[in-house]
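These are the residues of each chain, in order.
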Amino acid sequence: MASTGAPMSAGAAVEKEEAVASAVIANPHADLAEIMPSLPTAPGFPPYRLRRYGGFWHTDLYLKFIGASHACFKPRPTDVLLASFPKTGTTWLKALAFSALNRAAHPPSVGADHPLHRNSPHDLVRFLELADQDDDGLIYEEIPSPRLLATHVPYSLLPRGITGTKDGSGGRIVYVCRDPKDTFVSFWHYHEKTTATLQRMADVGGASAAMPTFEEAFELFCQGQSVAGPQWRHTLEYWEASRRSPDQGLFLRYEDMLLDPSGSLMKLAAFMACPFSPEEEAAGVVRDIVELCSLGTLKGLEVNRRGSTMLGLKNEAFFRNGTVGDWSNCMTPAMAARLDGIVAEALQGSMLTFGASSKDEV
Ligand code: A3P
């Protein structure tokens, strides 16, 4: 099917995407790369050309991965996949999970010898979707078990080997979520810092012509037109999966992690099958990992102040102020109410809410 490549309204895009996707879903082995040009496109925020597939918006890079990974990614029962919507705490989760899982080889107290002192968390825990698409996933075959991987891909579009089993053979998934208002504001600042690189990256996925204003970006975000958006649908899928199979899915909240980093780390380690022993706790290992992975420590490291990581992105772009409620410094109350309303409507009947856990959930 030929494509005009012309952007369309969100409503028309949904209809067209559903027609194309229903044909593909009937055949899970269909080559997504081939039908990509026929998928509806729209401008997104950050300013990529996005294509709609499976109910979400994607760059071409993601779509190629989704297509390829279904054919070649082989999960292992010991895998831990760190999943998130962008700008919700991915970098922090990567640092914590890496440090907890590798604390025997790399004690957090060794200072400058710890891998986090020399590498971005993004170089220590790679995104599945940024693998070389042409090597048949071999890069992941070479990683020793237990593998720690990351993804922004929606749950329903992950390789079937990960999500299609109930016996644990697909590994475990840890998801971190964050209030969409803070996510959007974090995205906005990240976008400002990475615009030049984003435009170069956009060669992979296709750039949309114009740089959006804050208000335009907000509108795109509200319509779900961001990488892997809409955020609320992304989160809902992982939340439901973690409720269906709590042994295979851990659902964390950025806001809870800020309130209780030690408790969150202990929960994470237990879920990854490497719980802290009472002796480790007494020796301060939990405290040391929390300190090592804190925003203040990571942001101040030379590697994160000057280095760069995947796709040439500057490490420093991933560390800002890491607070709850920063949205109130950038959004009008009307904008906040509008986004809250969209999210509430989309989550109606699901019992999922954003923000810190309610008391009866903890
Ligand atoms: P803010 O922009 O609100 O400060 P991601 O890692 O998914 O890209 O998310 C980035 C957000 O996580 C940014 O939020 C960033 O400051 C925050 N962050 C990064 N490292 C952190 C850490 N070690 N502790 C707490 N927050 C962190």
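From a predicted model like this one, the values you see are computed outputs, not experimental measurements.

## What to know about the packing of aromatic side chains
Applying the stated criterion across every chain, the model contains 16 aromatic pairs. A centroid spacing of 5.6 Å and a plane angle of 75° characterise the contact between phenylalanine 184 and phenylalanine 218, whose relative ring orientation is edge-to-face. A residue pair is termed long-range when its members are at least 10 positions apart, and phenylalanine 184 in helix α8 (residues 180-205) and phenylalanine 218 in helix α9 (residues 214-222) qualify at 34 residues. The burial state of phenylalanine 184 is the same as that of phenylalanine 218; both residues are buried. Just above the ring of phenylalanine 127 sits the side chain of lysine 94; from NZ or CZ to the centre is 3.5 Å. The aromatic ring of tyrosine 254 is capped on one face by arginine 178, whose charged end is 4.1 Å from the ring centroid.

## Remarks on helix α10 (residues 231-244)
When the terminal C-alpha atoms of α10 are compared, their 20 Å separation across 14 residues agrees well with the 20 Å that a helix rising 1.5 Å per residue should span. Counting buried residues in α10 gives ten out of 14 residues, a clear majority hidden from the surface. Buried within α10 we find Gln231, Trp232, His234, Thr235, Leu236, Glu237, Tyr238, Trp239, Ala241 and Ser242.

## Quick notes on the packing of helix α4 (residues 90-101) against helix α12 (residues 261-271)
Working note: a packed helix pair is described by the angle between its axes plus the distance between those axes. Where α4 meets α12, the closest approach of the two axes is 10 Å, and the angle between their N-to-C directions is 60°. Judged on the interaxial angle alone, α12 and α4 are oblique. The two elements α4 and α12 meet at a crossing, and its hand is right-handed. Contacts between α4 and α12 involve Trp92, Leu93, Leu96, Ala97 and Ala100 on the former and, on the latter, Pro261, Leu265, Leu268 and Ala269. Classifying every residue of the contact of α4 with α12 gives nine nonpolar, no polar and no charged.

Reading guide: rules and limits
- Residues numbered from 1 in each chain as written.
- Predicted model: local features only at pLDDT ≥ 70, side-chain atom pairs only at ≥ 80, totals over all residues.
- Heavy atoms only, no water.
- Phe/Tyr/Trp six-rings, centres within 6.5 Å; stacked < 30°, edge-to-face > 60°.
- Helix = DSSP H or I, 4+ residues; strand = E, 2+ residues; numbered from the N terminus.
- Buried < 20%, exposed > 50% of the residue type's maximum accessible area, 1.4 Å probe, protein only.
- Lys NZ or Arg CZ within 6 Å of the ring centre and 35° of its normal.
- Expected span 1.5 Å × (residues − 1).
- Axes fitted to C-alpha atoms, helices over the stretch in contact; angles between N-to-C directions.
- Parallel < 35°, antiparallel > 145°, perpendicular 65-115°, else oblique.
- Left-handed = near helix turned anticlockwise from the far one by under 90°.
- Contact = heavy atoms within 4.5 Å.
- Nonpolar A, V, L, I, M, F, W, Y, C, P; charged D, E, K, R; others polar.

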